[in-house]
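Listed below are the residues making up each chain.
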Amino acid sequence: CILKACGNLGDLEKGRALHADVQVFLQKDVVLGNTLVDMYVKCGDLAKAQEVLEGLPERNIISWSSLIAGYAQQGSGQEALDCYDRMQQQDGFSPNAVTYTCILKACASIGALDRGKKIHEEIANQGLLRRDIVLGNSLVDMYAKCGALTNAREVLDQLPRRDAISWSALIAGYVQQGNGQEALDCFEQMRKDGLSPCSISFTCALKACANIGALDKGEQIHDEILNRRLLQKDVMLGNALVDMYAKCGALSKAEEVLEGLPGQDAGMWTALIAGHALHGDSHSVLRCFERMEIKGLSPDEKTFSCVLNACSHSGLMDESQMYFTRMRAQYGLVPTVEHFTCMVDLFGRAGHFEKAVSVINEMPSSKHIAVWSALLGACQKWDNLELGIWAFENAIQIDKNQPSIYVCMSNIYAAA
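An account of the accompanying structure is given in this report. Computed from a predicted structure; not experimentally measured.

**Focus on the environment of Ala72**
Step number 1: Here Ala72 shows up in helix H5 (residues 61-73).
Step number 2: Residues contacting Ala72, with those up to four places away along its chain left out, are Ala80, Cys102, Lys105 and Ala106.

**What to know about the packing of helix H21 (residues 337-349) against helix H22 (residues 353-362)**
Step number 1: At their nearest, the axes of H21 and H22 sit 7 Å apart, and the two run at 165 degrees to each other. The pairing of H21 with H22 is recorded here as roughly antiparallel in orientation. Crossing of H21 over H22 shows left-handed handedness. Together, Phe340, Met343, Val344, Phe347 and Gly348 of H21 and Phe353, Lys355, Ala356, Val359, Ile360 and Glu362 of H22 make up the contact between the two elements.
Step number 2: A breakdown of the residues in the contact of H21 with H22 according to their chemical character gives eight nonpolar, one polar and two charged.

**Considering the state of the cysteines**
Step number 1: One pass over the full model with this rule turns up zero disulfides.
Step number 2: Here Cys6 stays unpaired: no disulfide links it, and the sulfur of Cys43, its closest cysteine neighbor, is 6.8 Å away.
Step number 3: Given a relative accessible area of 5%, Cys6 falls into the buried group.
Step number 4: Looking at Cys198, it has no disulfide partner, and the nearest cysteine sulfur is the one in Cys204, 8.1 Å off.

**Observations regarding the pattern of salt bridges**
Step number 1: Scanning the model with the defined rule gives 21 salt bridges in all.
Step number 2: A salt bridge links Lys42 to Asp38, with the shortest nitrogen-to-oxygen separation between them at 3.1 Å. Here Lys42 pairs with Asp38, and both are found in helix H3 (residues 30-42), just four residues apart, close to one helical turn.
Step number 3: Asp38 gets classed as partly exposed once you look at its relative accessible area, which sits at 23%.
Step number 4: Residue Lys295 pairs with Glu259 through a salt bridge whose shortest N-O separation is 3.9 Å. Within this pair, whereas Lys295 is found in the loop between helix H18 (282-294) and helix H19 (301-314), its partner Glu259 is found in helix H16 (residues 251-260), the two being separated by 36 residues in sequence.

Rules of the game
Residues numbered from 1 in each chain as written. Predicted model: local features only at pLDDT ≥ 70, side-chain atom pairs only at ≥ 80, totals over all residues. Heavy atoms only, no water. Helix = DSSP H or I, 4+ residues; strand = E, 2+ residues; numbered from the N terminus. Contact = heavy atoms within 4.5 Å. Axes fitted to C-alpha atoms, helices over the stretch in contact; angles between N-to-C directions. Parallel < 35°, antiparallel > 145°, perpendicular 65-115°, else oblique. Left-handed = near helix turned anticlockwise from the far one by under 90°. Nonpolar A, V, L, I, M, F, W, Y, C, P; charged D, E, K, R; others polar. Disulfide = S-S within 2.5 Å. Buried < 20%, exposed > 50% of the residue type's maximum accessible area, 1.4 Å probe, protein only. Salt bridge = Lys/Arg side-chain N within 4 Å of Asp/Glu carboxyl O.

Following this line, the structure appears as structure tokens:
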């Protein structure tokens, strides 16, 4: 019981101390061994969990399922599959419904579609889908996340029982693939099935509305969410709502919704900032950024990407430099390729090539086609042949099959 408490609290230090205390009992108590493995899994120390499992004198399907689940949850899909294979080959255990559910999550996390199909065959042969809705949902989710939406729909249609989670997995898959209308069609079909949407379903449907600019449908969903008072307890739903209005161009409505939410976070403000950036309103981008900071919310890498892009497209060089510096100095964020590319693009557009080259030299690795494409574009604008040749040579070393860089270099030569 105490090991379970440590796992639930993520108290790894206390769990390690208890491990030393229970060592003597592990030789004869498989339940205690399983709980110890589970504690390390929940505390995130998967290497130790595997070490403990392999050292147990007796282990069972529960021990292995716990470890497989841990790897799947942390996105270490290949490690989960390796454990799954060893469980069967080394210990001779046959997977149960819980194990299958975990390994399907692992397949989903790394896009292992072929392996997922084989596992589906095993599940079908054992008739497990007739009595386990959680397993059925995991199967739909695996196919959806692997992009096999036809398979996902077939599985869902054949399930003897389905719920809002089943439909949400399929809707999320369509959203992920950019098929917003299909996602909304599934959302309506779920209602025809007599199922009431859950917060996850609403979140996915709002993302679909955002993708295709379906403002009217988004407003209808918003009304239903308000009637069910779901915004009081679901931050992700609030984020999706702000994002939907922002991407649909209803920025004043997005701001109104954000101000009315009981709990605000950086994600909501970033969605609003991204909406203003998308519509080229750099003044509103910087205004919202300042208000976000006043509220004590810390911007993340995505927030700064929106701010730097807005500054770049508006030619706000001084502001851009200031935010790029603050990103590291004030918030301790490490610039990504996108941030460096924004700065190269900004300096290049303004003809400040020394500064653009200085930013490239500052990068941990300059082997990114986007950076050199930005510099090439600037060289074309300002007819800078010498620097253009340098940028072109670096670009083709990274991707010699990128047509745009040849067109750009050809234009630079023609202008010269």
